[in-house]
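# Structure at a glance
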Amino acid sequence: MGSKEIRSPEESAPERSVLDYIQRKKLGIHFAESDERRFPKAIGGEYYVAGGTTPVNIRGRPIEDLSKTGGWIAAFFIFGNEMAERMAYFGLSVNMITFMFYMMHRPFASSANAVNNFLGISQASSVLGGFLADAYLGRYWTIAIFTTIYLLGLTGLTLCATMRVFIPNQSDCDQLSILVGACEPAKPWQMLYLYVVLYITAFGAAGIRPCVSSFGADQFDEKSGDYKAHLDRFFNFFYLSVTIGAIAAFTMVVYIQMKHGWGSAFGSLAVAMGISNAVFFIGTPLYRHRLPGGSPLTRVAQVLVAAFRKRNVPFSSSDFVGLYEVPGNRSAIKGSGKIDHTDDFRCLDKAALQLKEDGTDPSPWRLCTVTQVEEVKILLKLLPIPACTIMLSVVLTEYLTLSVQQAYTMNTHMGHLKLPVTCMPVFPGLAIFLILALYYSTFAPLSRRITGHPQGASQLQRVGLGLAVSILSVAWAGAFERYRRNYAIKNGYEALFLTHMPNLSAYWLLIQYCLIGIAEVFAIVGLLEFLYQEAPDAMRSVGSAYAAVAGGLGCFVATILNSIINSITGNEDEGRPSWLSQNINTGRFDYLYWLLAILSTINFCVFLYFAKRYKYRVRKVLEMEVPNGSTTFSSFENK
């Protein structure tokens, strides 16, 4: 690849011309490390080099025959683990509020906030799992350890729901007593035990979530000509496994709870996780692994410290030797290919500024390689995209609680079948399942004709489409909630907020459910693929953790937003209910939905700004060797 120029704006044109030549010679050091890295010029007059990393077996040794490992067979063993994890996650999210309310006798608002915090912590702490995987353990061992922790947490929850000692006395505690808060409350130690096992489960999920999608994607060969097509299909199938787990949680687990009790419901989640763990370990001989590259946080800190130390050194300094990079075609970072220099965040280039005084064996806290600096640049450039999906997570979190409360006031009969209210969140999952099933036969060919893109739409276009559809979903939710509330007041149900209105079907909620399902499949699948391909080779788990952290922050934002709304809009002394009153018919859920629509629209505009400015990485991958001994290379953008 042609080297980049670093210019000093103070120089005149003739001086700049001479300086440019000198700078090119200095920067050329980075690209002339060995004869193996130089090849004839290709498209655009740039050099193309072999990139990526070499897959290894579980012992860290190169795999002799790649055809016997990886691929779709290995990926399907990994899908099972994610399916069970999502089944447990959604099973707890939809049932734990009800368990706390009916069995632990906690107020509904308190139960909802506790579960939101659990969901938020389990996602936001995913960066820990990503860090351990990229730094020390590798993705396989991180999944193996944390999936076992997850199983221990689910087992503890099963004991909590099964053994009477862990729950308060249920005698003389009927429906009315629960509603008015007259039942015996849970003892402090009982709540402590529940929170401990619940957060052990969250800790287990935090280690699995950032690694599973990256580990599955690692099973495909970057040097393969159809790598992009395989990767695109993988992330769609991966999210399909997530959806199947969610559907199972919203149907089978709810059914087991209604027929056999809480212990059986939580026990079914533990059994499913145990089976998925066994399946995951059975597939061990088939997996391809990537070597952990050492602590990414240390490398980031080294770049920041080195750049700060040389902040006052100009690029035109007479002591300037060049931008530092190790010789040869391999990076100094284990598990990472070299990354070419870019002009973004030029202040960070000071960390790679090699001076004569640095000597032959410089400290990494004073001089970093170009690849190490580019890793930090990439992490910074990626941040705005997942940050713009936080608002989508806020909407999804609100739907989990608000739409269930709406459904309690409506008729949930489907012919002669009465669908439990807690099963209502299954419909976004069904919408996602349908979209993914039709994606390659309907959406991809249609959008390919419109955009000309090989996959129908780029990763950022899919994320943007998802965010746009989420605005439609929450706007419809506000309009329908206004109609539902007015209907309840008009027909005398204002005080009867737990009474079903027989002439108003809960299936009107399907419109907002299906729209949010469509939004989720485009935004989240596109985001996961985007983060995997754009993240540095040795930081892909951390990159995938960005998506989970955004989801966790969305849960916390939803909790904070609810608290602010309750404190601002409600006044018990004046008898004014808040927007989020427990009596949904006196509250104003419609106002909250419209507020979310406004915030989502602002967020979408911010996303468009950053997406338009973002430049995809160009990855260079060795394709093949031709009979005459020469080597051909291909280049593709991660779109």
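Residues numbered from 1 in each chain as written. Predicted model: local features only at pLDDT ≥ 70, side-chain atom pairs only at ≥ 80, totals over all residues. Heavy atoms only, no water.

To keep things clear, this is the line we draw: UniProt positions are given in the numbering used here, feature names are shortened, and annotations may be inferred rather than shown by experiment.
By the naming in an unreviewed UniProt entry, the protein is Protein NRT1/ PTR FAMILY 6.1, taken from Ananas comosus var. bracteatus. In the Sequence similarities (unreviewed entry) part of its UniProt record, the protein is described as follows: "Belongs to the major facilitator superfamily. Proton-dependent oligopeptide transporter (POT/PTR) (TC 2.A.17) family." Taken verbatim from the UniProt record of the protein, the Subcellular location (unreviewed entry) comment is "Membrane".

### Digging into a nonpolar patch on the surface
The criterion, for reference: Each patch is built from residues lacking any salt bridge and having more than 30% relative accessible area; the joining distance is 9 Å for like charges and 5 Å for nonpolar side chains (Val, Leu, Ile, Met, Phe, Trp, Tyr). Only the protein chains shown count as cover for residues, with accessible areas throughout obtained via the Shrake-Rupley method and a probe of 1.4 Å. Think of a salt bridge as a Lys or Arg side-chain nitrogen and an Asp or Glu carboxyl oxygen that are within 4 Å of each other. What counts as a helix is a DSSP run of H or I of at least four residues, what counts as a strand is a run of E of at least two, and both are numbered from the N terminus.
A cluster of nonpolar residues, Ile598, Leu599, Ile602, Val606, Tyr609 and Phe610, forms a patch on the protein surface that exposes about 520 Å² of accessible area. You can see Ile602 is positioned in helix 17 (residues 589-613).

### Digging into the nonpolar core
Where a protein is soluble and globular, its nonpolar side chains tend to be buried together. Condition: Remark: nonpolar core denotes a set of buried residues (Ala, Val, Leu, Ile, Met, Phe, Trp, Tyr, Cys) joined through side-chain atoms within 4.5 Å. To sort residues, take the accessible area from a 1.4 Å probe on protein chains only and compare it with the maximum for the residue type: under 20% means buried, over 50% means exposed, and anything in between is partly exposed. Any two residues whose heavy atoms approach within 4.5 Å at even a single point are treated as in contact.
Leu92, Met96, Phe99, Leu154, Leu194, Tyr239 and Phe530 are the most contacted members of the largest nonpolar core, which has 164 residues in total. Residues contacting Leu154, with those up to four places away along its chain left out, are Ala88, Leu92, Thr201, Leu269, Ala270 and Met273.

### Here we look at helix 14 (residues 459-490)
Note the threshold: How far a helix is expected to stretch is found by multiplying one less than its residue total by 1.5 Å.
The end-to-end C-alpha distance of helix 14 is 47 Å, a good match for the 46 Å that 32 residues give at a rise of 1.5 Å each. Looking one or two residues beyond helix 14, the residue adopting positive phi is Gly492, at roughly 80°.

### Comments concerning the pattern of salt bridges
Under the criterion given, the structure shown has 15 salt bridges. In this structure, Arg209 engages Glu85 in a salt bridge whose closest nitrogen and oxygen atoms are separated by 3.2 Å. Of the two residues, Arg209 sits in helix 6 (residues 188-217) while Glu85 sits in helix 2 (residues 71-102), which places them 124 residues apart along the sequence. For the pair shown, Arg209 and Glu85 are each scored as buried. The salt bridge involving Asp232 is made with Arg462; its shortest N-O contact spans 3.4 Å. Here the residue Asp232 occupies a position in helix 7 (residues 227-260), and Arg462 occupies one in helix 14, the gap between them amounting to 230 residues. With respect to burial, Asp232 and Arg462 carry one shared label: buried. Residues participating in the shared-partner salt-bridge network are Glu82, Glu85, Arg86 and Arg209.

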